[in-house]
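Here are the chains, one letter per residue:
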Amino acid sequence: MDSAFEDLDAAGFLEIWQHFDADDNGYIEGKELDDFFRHMMKRLRPQDKVTEEDVQNLKKRFMSAYDVTADGKLQIQELAHMILPEDENFLLVFRRENPLDNTVEFMTIWRKYDVDCSGYISAQELKAFLKDLFELHHKEVTPDKLEDYTDAMMKIFDKNKDGRLDLNDLARILALEENFLLQFRMDACSKEERKRDFEKIFNHYDVSKTGALEGPEVDGFVKDMMGLVRPNITGPELDKLRAVLLRHCDVNKDGKIQRNELALCLGVKLKH
């Protein structure tokens, strides 16, 4: 943590984040980043005149140390690591050496904590999620602190202020990587290209390696497929689309999508 932000608590951090994430997209980037480091420079050297060169040097130094994902922008966890003291840094429990890169893992977490299957995570469900996460990281937290952290997370990530988190809110909390399917050309011309892409796609979502997509594996595939058309689908929408996919592709009605069933669904011939 930098000395410019001594005694900062979670509430103060929240104010800083919301001020500099001006476009509310979950990152501080571009001009926002310059504004943040200009602000930081003034806190570090209140008596001095700050030049643009000073700002850019500070930005370069800090980004090389704290931009874990090396994408040239700051995620909320990265900024928290930079400026929050250890005992207030509840956001550090989300910081990963390897960001969450598979939607299947994300959907497994979603299904576990959406206890009432409403398609949303309530404040109570979020609290249970945070409690488990702290235990996983062997961090002790009092009930009052847990309440404070739950409230802070809701304020940061509940974008439409309806008192619950949707799929996209949780994806931002867990820093879910870019949609896996974006790397493929869905209009690949040759049959060989289509077959090769299909194998990569199926293997990515078949996390359990059973030769069939089931449970969160189907959820992950549906979320990413729909994300190609409309990135911000809600939990209830995902449930409807999942039912449609199963009705269309699950030929043997076992509640799973076998490799050959998905191939048939996508118009890919697995055998010559």
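Numbers given to residues run from 1 along each chain, matching the order in which its sequence is written. This being a predicted model, a pLDDT of at least 70 is required before a residue's local features are given, and a value of 80 or more before pairs of side-chain atoms are given or counted; all residues contribute to the totals for chains, interfaces and linings. Only hydrogens and water are set aside; all other atoms, that is, all heavy atoms of the structure, feed into the side-chain values.

**Details of the overall build of the chain**
For the chain, the helix and strand inventory stands at 12 helices and six strands. Think of it in three bands: with a 1.4 Å probe and only protein chains considered, a residue is buried below 20% of the maximum accessible area for its type, exposed above 50%, and partly exposed in between. Split into buried and exposed, the 272 residues of the chain put 46% on the buried side. We call two residues contacting when some pair of their heavy atoms lies within 4.5 Å. Of the contacts made within the chain by residues no fewer than 6 positions apart, 59% connect residues no fewer than 24 positions apart. Note on areas: Shrake-Rupley, 1.4 Å probe, and residue coverage restricted to the protein chains presented here. Surface summary for the chain: the accessible area is close to 14,700 Å², and the carbon and sulfur share equals 51%. Per the convention used, a helix needs a DSSP run of H or I reaching at least four residues, while a strand needs a run of E reaching at least two, with both numbered from the N terminus.

**Considerations on the side chain of Asp-158**
When you line up the elements, Asp-158 lands in the loop between helix H7 (143-157) and strand E4 (164-165). A positive count includes Lys and Arg, and a negative count includes Asp and Glu. His and the chain ends are not counted in either. Salt bridges are defined as contacts in which a side-chain nitrogen from Lys or Arg sits within 4 Å of a carboxyl oxygen from Asp or Glu. Despite its burial, Asp-158 pairs with no opposite charge, the nearest such side chain being Lys-161 at 5.8 Å.

**Topic: the UniProt feature "domain: EF-hand" (unreviewed entry) in the chain**
UniProt positions are given in the numbering used here, feature names are shortened, and annotations may be inferred rather than shown by experiment. Taken from the UniProt record, the annotation "domain: EF-hand" (unreviewed entry) applies to residues 8-43, 101-136, 145-180, 193-228 and 236-272. Spanning residues 101-136, this segment combines 69% helix with 6% strand, and its end C-alpha atoms are found 20 Å apart. In the segment residues 145-180, helix accounts for 56% and strand for 6%; the C-alpha atoms at its two ends are 36 Å apart.

**A few points about helix H12 (residues 259-266)**
Since there are 3.6 residues in each turn of an α-helix, residues three or four apart along the chain are aligned in direction. Taken residue by residue, H12 has Glu-261, Leu-262 and Ala-263 as its buried positions. For H12, the elements touching its buried residues are helix H9 (191-205), strand E5 (212-213), helix H10 (216-227), helix H11 (235-249) and strand E6 (257-258).

**Observations concerning a nonpolar patch on the surface**
In this analysis, a patch consists of residues with relative accessible area above 30% that form no salt bridge, clustered at 9 Å for like charges and at 5 Å for the nonpolar side chains Val, Leu, Ile, Met, Phe, Trp and Tyr. A cluster of nonpolar residues, Leu-182, Leu-228 and Val-229, forms a patch on the protein surface that exposes about 280 Å² of accessible area. Mapping Leu-228 onto the fold places it in the loop between H10 and H11. Residue class for Leu-228 comes out partly exposed when judged on its relative accessible area of 34%.

**Structural notes on the pattern of salt bridges**
Here the structure, examined in full by the defined rule, presents 14 salt bridges. Close ionic contact of Lys-73 with Glu-29 constitutes a salt bridge, the shortest N to O distance being 4.0 Å. Taken together, the residues Lys-73 in the loop between helix H3 (52-66) and strand E2 (74-75) and Glu-29 in the loop between strand E1 (27-28) and helix H2 (31-44) connect sequence positions 44 residues apart. Among the residues examined, Lys-73 registers a relative accessible area of 21% and is labelled partly exposed. Among the salt bridges present, the one from Asp-35 reaches Lys-31, with a minimum N-O distance of 3.0 Å. With Asp-35 and Lys-31 both in helix H2 and four residues apart, the pair spans about one turn of that helix. What makes Asp-35 partly exposed here is its relative accessible area of 27%. Given a relative accessible area of 61%, Lys-31 falls into the exposed group. By sharing partners, the salt bridges in this structure join Lys-31, Asp-35, Arg-38 and Glu-52 into a single network.

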